[in-house]
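Coordinate analysis (summary)
Residue-level listing of the chains:
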Amino acid sequence: MTNQNVVASDAKSGIDIRIRVILPKSLFSSAEPKPLPAPRLAKKIETGTAAAKTNAWVDSMRDSSPTRVKSTASLSETEEKNSWIMNHPSALSMFEQIVNASKGKQIVMFLDYDGTLSPIVEDPDRAFMTNEMREAVRDVARYFPTAIVTGRCRDKIYSFVKLAGLYYAGSHGMDIKGPSKSRKYKKGHQALLFQPASKFLPMIDEVYKVLIEKTKSISGAKVENNKFCVSVHFRCVEEKVLEIRPTIKWDKGKALEFLLESLGYANSNDVLPVYIGDDRTDEDAFKVLRNRGQGLGILVSKFPKETNASYSLQEPTEVKDFLRRLVEWKRFSIG
C-alpha cells in the first residue's frame, strides 16, 4: 500500500487537520514515498509553501462490507461459517421469535443504505435501490417509525430512497432530518433537524477540494462530498472506501439514541429498536442496542464477521423479504 498526506486548515476555527490516505501501490508511479509515522501521530507537515501544525485530525475509517470480497470456502471456513450462523441466526428463520419479542412494544426501524437496501456497486452514484425494495421500506414506514442511517449525504440518500415519510440521518448521523408532516408516531408538527457537526462544514469543504486535487490523476478514484464527511472511493481494489469525518463524539449509535429520544422512547421499556446494517460503522449502533439490552441488531453479511449484532441476513434481497414479512405480520395482527 502507498500513503498520501493531505493537510487542510480551517482559519476561522483555528483547527488544522491531517488525512492519511492509504492507496494501492499500483495506482502510483514507481517512485516510492518515504514511510510515514504511525497513524494519529501529530507532526508538522507542509502543503505548498505553508506549514501547518496539526492541532486536530480527522477520524478515518474504511467501510468493510464482506460482500465485496470473493472467497473460496474450504472445509474449515465452512465449519466457521456454520458456527457463526449458530450465534447469529438468520432473521428470517428466527422471525417468529423476533415478532414475539415485540409484543406490547413499538418497533422502530433503523436501516443502513449501501449494502443493505441497495447492492454494493463500483460507482457510488449508481447505488440504486429496486422499486420492490422502495415499496417494502414505504410499507414498513406506514406501521413503524423508520430511519435511514447512512454515511452518505442526506440529500443524496433522499434522492435514492425518494420517500417523504422517513427520518434521514446522513453523514453517519451528523445530519438528521425528520418528516416535515405530522405523523401518528411523531410528536409535534415541526420537522426535526439536528446537525451536531455544523462548525466543521468549512473544514470538510476544504478537505474535499484538497482530495479532489490529490486524486485526480488516479484512475478509478472518486471523491464524494457527504456534507459532514468525505468518502474516497477506489474501484477494483480491496480497500474500497476511505471515509474522513470530524473528530466529534458522534456516530450511528449516537444517532440511534438521539432519534429514540426525539420519538419519546429514550427511557421507555415499550420500544423495540431494530437496526439493519452491513458494515463497520453500523457496529456503533449494534453496540448501543446490546448495551441497552433492548432492541435487535441485524448484520447483512454472507461471511462470518465479528459483530455486536444478534441476527444476520445475507444480502439486500433478504432484507427486502424481512421487511415484507414484518409488514404482513403487522397487518394480520391488527386485523
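Residues numbered from 1 in each chain as written. Predicted model: local features only at pLDDT ≥ 70, side-chain atom pairs only at ≥ 80, totals over all residues. Heavy atoms only, no water.

Description of the overall build of the protein
Secondary structure assignment for the protein yields 8 helices and 16 strands. For the protein, with 335 residues in total, the buried portion stands at 49%. Pairs at least 24 apart in sequence give 61% of the contacts found in the protein among residues at least 6 apart. Element-wise, carbon and sulfur atoms account for 49% of the exposed surface of the protein, whose accessible area totals about 16,600 Å². (Helix = DSSP H or I, 4+ residues; strand = E, 2+ residues; numbered from the N terminus. Buried < 20%, exposed > 50% of the residue type's maximum accessible area, 1.4 Å probe, protein only. Contact = heavy atoms within 4.5 Å. Areas by Shrake-Rupley, 256 points an atom, 1.4 Å probe, with all protein chains shown as cover.)

Some details on the packing of aromatic side chains
The full count for this structure, using the stated rule, is 7 aromatic pairs. Ring geometry for Tyr143 versus Phe144: centroids 6.4 Å apart, planes at 55°, classification tilted. Among the aromatic residues, ring-to-ring pairing joins Phe110, Tyr275 and Phe286 into one connected group. (Phe/Tyr/Trp six-rings, centres within 6.5 Å; stacked < 30°, edge-to-face > 60°.)

Observations concerning the pattern of salt bridges
Should their charged atoms come close, side chains of opposite charge can pair. According to the stated counting rule, one finds 10 salt bridges in the structure shown. The salt bridge partner of Asp139 is Arg331, with a shortest N-O separation of 3.9 Å. Here the residue Asp139 occupies a position in helix α3 (residues 131-143), and Arg331 occupies one in helix α8 (residues 316-333), the gap between them amounting to 192 residues. By relative accessible area, which is 38% here, Arg331 ends up partly exposed. As a salt-bridge pair, Arg154 and Asp175 come within 3.1 Å of each other at their nearest N and O atoms. (Salt bridge = Lys/Arg side-chain N within 4 Å of Asp/Glu carboxyl O.)

Looking at the side chain of Glu283
Inspection of the secondary structure assignment puts Glu283 in helix α7 (residues 283-292). Summary of buried charges: Glu283 has no salt-bridge partner, and the nearest side chain of opposite charge, Lys305, is 5.1 Å away. Only 2.8 Å separates the side chain of Glu283 from the backbone nitrogen of Asn308, close enough to count as a polar contact. (Lys, Arg positive; Asp, Glu negative; His and termini not counted. Polar contact = N/O pair within 3.5 Å; in protein donor to acceptor, adjacent residues only side chain to side chain.)

Structural notes on the pairing of strand β15 (residues 296-300)
Across the 5 residues of β15, 5 count as buried, placing the element largely inside the fold. Where strand β14 (residues 271-277) lies against β15, 4 bridges are found, and the strand directions are parallel. For Gly277, the partnering residue across the bridge sits in β15 and is Leu299. Considered for its hand, the β-α-β crossover made up of β14, α7 and β15 is right-handed. Examined bridge by bridge, β15 and strand β16 (residues 311-313) share 3 bridges and lie parallel to one another. Within the sheet, the bridge partner assigned to Val300 lies in β16 and is Leu313. (Pairing = 2+ DSSP bridges. Right-handed = clockwise from strand over helix to strand, strands pointing away.)

Re α7
Listed in full, the buried residues belonging to α7 are Glu283, Ala285, Phe286, Val288 and Leu289. Summarising the contacts, the buried residues of α7 are in contact with α6 (252-262), β14 and β15. Just downstream of α7 lies Gly293, where phi reads positive at about 65°.

Observations regarding helix α4 (residues 154-161)
Inspection of α4 places Arg154, Ile157, Phe160 and Val161 among the buried residues, and these make up the whole buried set. End-on, the buried residues of α4 take up no more than an arc of 120°, which puts them together on one face. Downstream of α4 by one or two residues, Lys162 has phi in the positive range, about 60°. (Arc of directions from axis to C-beta.)

Some details on the environment of Leu192
Position of Leu192 relative to the elements: it lies in the loop between β9 (175-177) and β10 (193-194). By relative accessible area, Leu192 is classed as buried at 18%. Along the sequence, Leu192 and Pro179 sit 13 residues apart, while their C-alpha atoms lie 7.2 Å from each other.

Looking at the nonpolar core
Counting residues in hydrophobic clusters, the biggest one holds 38 residues, and the most contacted among them are Met109, Tyr113, Leu117, Val137, Ile276, Phe322 and Leu323. Counting residues per element, the ones that place at least two in this core are α2 (95-101), β6 (106-111), α3, α4, β14, β15, β16 and α8. Once residues within four sequence positions are removed from consideration, Val137 is found in contact with Leu111, Leu117, Met129, Leu163, Leu166 and Leu323. Core analysis: the next-biggest nonpolar cluster, separate from the first, contains 26 residues, Val149, Ile176, Leu263 and Ala309 among them. (Core = buried A, V, L, I, M, F, W, Y, C linked by side-chain atoms within 4.5 Å.)

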